[in-house]
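# Inside the fold
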Amino acid sequence: AQSVTQLGSHVSVSEGALVLLRCNYSSSVPPYLFWYVQYPNQGLQLLLKYTSAATLVKGINGFEAEFKKSETSFHLTKPSAHMSDAAEYFCAVSALNSGGYQKVTFGTGTKLQVIP
Amino acid sequence: NAGVTQTPKFQVLKTGQSMTLQCAQDMNHEYMSWYRQDPGMGLRLIHYSVGAGITDQGEVPNGYNVSRSTTEDFPLRLLSAAPSQTSVYFCASSQLNEQYFGPGTRLTVT
């Protein structure tokens, strides 16, 4: 079984401040981990993914995330928030299930508000 | 490449009506999935397919049917719509664990 927990359904930061969105996962097999972003009335876009190579993963738009196995975490960060970062962010875990399918489980999402 | 396309973008149904949400992809991906998105619940997997002719249930399959006759198309059928199926539906295709999402269909059942 696998699961994802995103701490904080809403996060507010000032423009220029650090963005930190938290994600903890559980998985019985080595997982792949993802962050997706969803802008209003749009589908999800991949921000970055961890696939067991480097533990620090850089994504688009200046975001990065660090895989910490000991903490079962995959937190998303960005040094300086921009107004265009306001969106909903989803953490997801993917692992091979018994049927040979990479099952993906999404967190419940964190809405990021950027205050001018 | 159009990527993943979904039609319609919006739909209003009455309770008991049936309809099909269309999904197509032009990336030749074997894996395709349907999700529903509800406030505070993230995305939940309805059905998925690992290739033409092969489908399986996700975590919330009740009230929905799927088929996969071609690699490109993966329609989702609502057999008898219920207000609990009011949601935003996303289709996705995937390769190498990376999912590509369509723009979504916003469905309201009254």
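Residues numbered from 1 in each chain as written. Chains lettered and ligands numbered in written order. Predicted model: local features only at pLDDT ≥ 70, side-chain atom pairs only at ≥ 80, totals over all residues. Heavy atoms only, no water.

## Thoughts on the overall build of chain B
Of the regular secondary structure elements, chain B holds 0 helices and 11 strands. Each helix and strand of chain B, ordered N terminal to C terminal, gives the series β-β-β-β-β-β-β-β-β-β-β. The C-alpha atoms of chain B give 13 Å as radius of gyration, which agrees with the globular expectation for 110 residues (13 Å, within 12%). Based on the C-alpha atoms only, the size of chain B along its principal axes is roughly 40 × 25 × 25 Å. Within the span of chain B, comprising 110 residues, buried residues form 49% of the whole. Taken as a whole, chain B presents about 5,100 Å² of accessible surface, with 51% of it coming from carbon and sulfur. Distance between charge centres in chain B, computed from 7 positive and 8 negative side chains, equals 13 Å. (Helix = DSSP H or I, 4+ residues; strand = E, 2+ residues; numbered from the N terminus. Rg over C-alpha atoms; globule rule 2.2 N^0.38 Å. Buried < 20%, exposed > 50% of the residue type's maximum accessible area, 1.4 Å probe, protein only. Areas by Shrake-Rupley, 256 points an atom, 1.4 Å probe, with all protein chains shown as cover. Lys, Arg positive; Asp, Glu negative; His and termini not counted. Charge placed at Lys NZ, Arg CZ, Asp CG, Glu CD.)

## Some words on the sheet that holds strand S8 (residues 76–78) of chain B
Residue and element names in this part refer to chain B. Pairing in this open sheet of 4 strands is antiparallel, and the strands run S1-S3-S8-S7 from one edge to the other. Only two strands of the sheet have a single partner each, and these edge strands are strand S1 (4–7) and strand S7 (64–66). For this sheet the average axis-to-axis angle between neighbouring strands, irrespective of direction, equals 20 degrees. Pairing geometry for S7 and S8, over 3 bridges, is antiparallel. Within S8, the position partnered with tyrosine 64 by the bridge is leucine 78. (Pairing = 2+ DSSP bridges. Axes fitted to C-alpha atoms, helices over the stretch in contact; angles between N-to-C directions.)

## Focus on the packing of aromatic side chains
Evaluated as defined, the whole model comprises 12 aromatic pairs over all chains. Residues A:Phe63 and A:Tyr89 carry aromatic rings whose centres are separated by 5.5 Å and whose planes lie at 45 degrees to one another, so their mutual orientation is tilted. Of this pair, A:Phe63 sits in the loop between strand S6 (56–58) and strand S7 (64–68) while A:Tyr89 sits in strand S9 (residues 87–96), and the two are 26 residues apart along the sequence. The pair A:Phe63 / A:Tyr89 is uniform in exposure class, with both members buried. What links up through ring pairs into an aromatic cluster is the set A:Phe34, A:Tyr36, A:Phe106, B:Tyr35, B:Phe90 and B:Phe101. Against the face of B:Phe74 rests B:Arg68, its NZ or CZ located 5.9 Å from the ring centre. (Phe/Tyr/Trp six-rings, centres within 6.5 Å; stacked < 30°, edge-to-face > 60°. Lys NZ or Arg CZ within 6 Å of the ring centre and 35° of its normal.)

## Details of the interface of chain B and chain A
If you look at the interface, chain B gives 19 residues, while chain A gives 21 residues. When chain B packs against chain A, the two sides together hide about 1,600 Å² of surface, and 54% of this comes from carbon and sulfur. Three residues, B:Leu43, B:Asn97 and B:Phe101, lead the burial of chain B against chain A; their summed loss comes to 32% of the area buried on that side. Linking chain B with chain A are 1 salt bridge, by the criterion used here. Residue A:Lys49 pairs with B:Glu98 through a salt bridge whose shortest N-O separation is 3.0 Å. Run the count over chain B and chain A and you get 4 residue pairs in polar contact (both at pLDDT 80 or more). Secondary-structure elements contributing two or more residues to the side of chain B that touches chain A are strand S4 (31–37), strand S5 (43–51) and strand S10 (98–101) of chain B. Per-element accounting of the side of chain B that touches chain A gives the leading share, 4 residues, to S4(B). Residues of the side of chain B that touches chain A, tallied by class, amount to 10 nonpolar, 7 polar and 2 charged. (Contact = heavy atoms within 4.5 Å. Buried area = accessible area lost by both parts, 1.4 Å probe. Salt bridge = Lys/Arg side-chain N within 4 Å of Asp/Glu carboxyl O. Polar contact = N/O pair within 3.5 Å; in protein donor to acceptor, adjacent residues only side chain to side chain. Nonpolar A, V, L, I, M, F, W, Y, C, P; charged D, E, K, R; others polar.)

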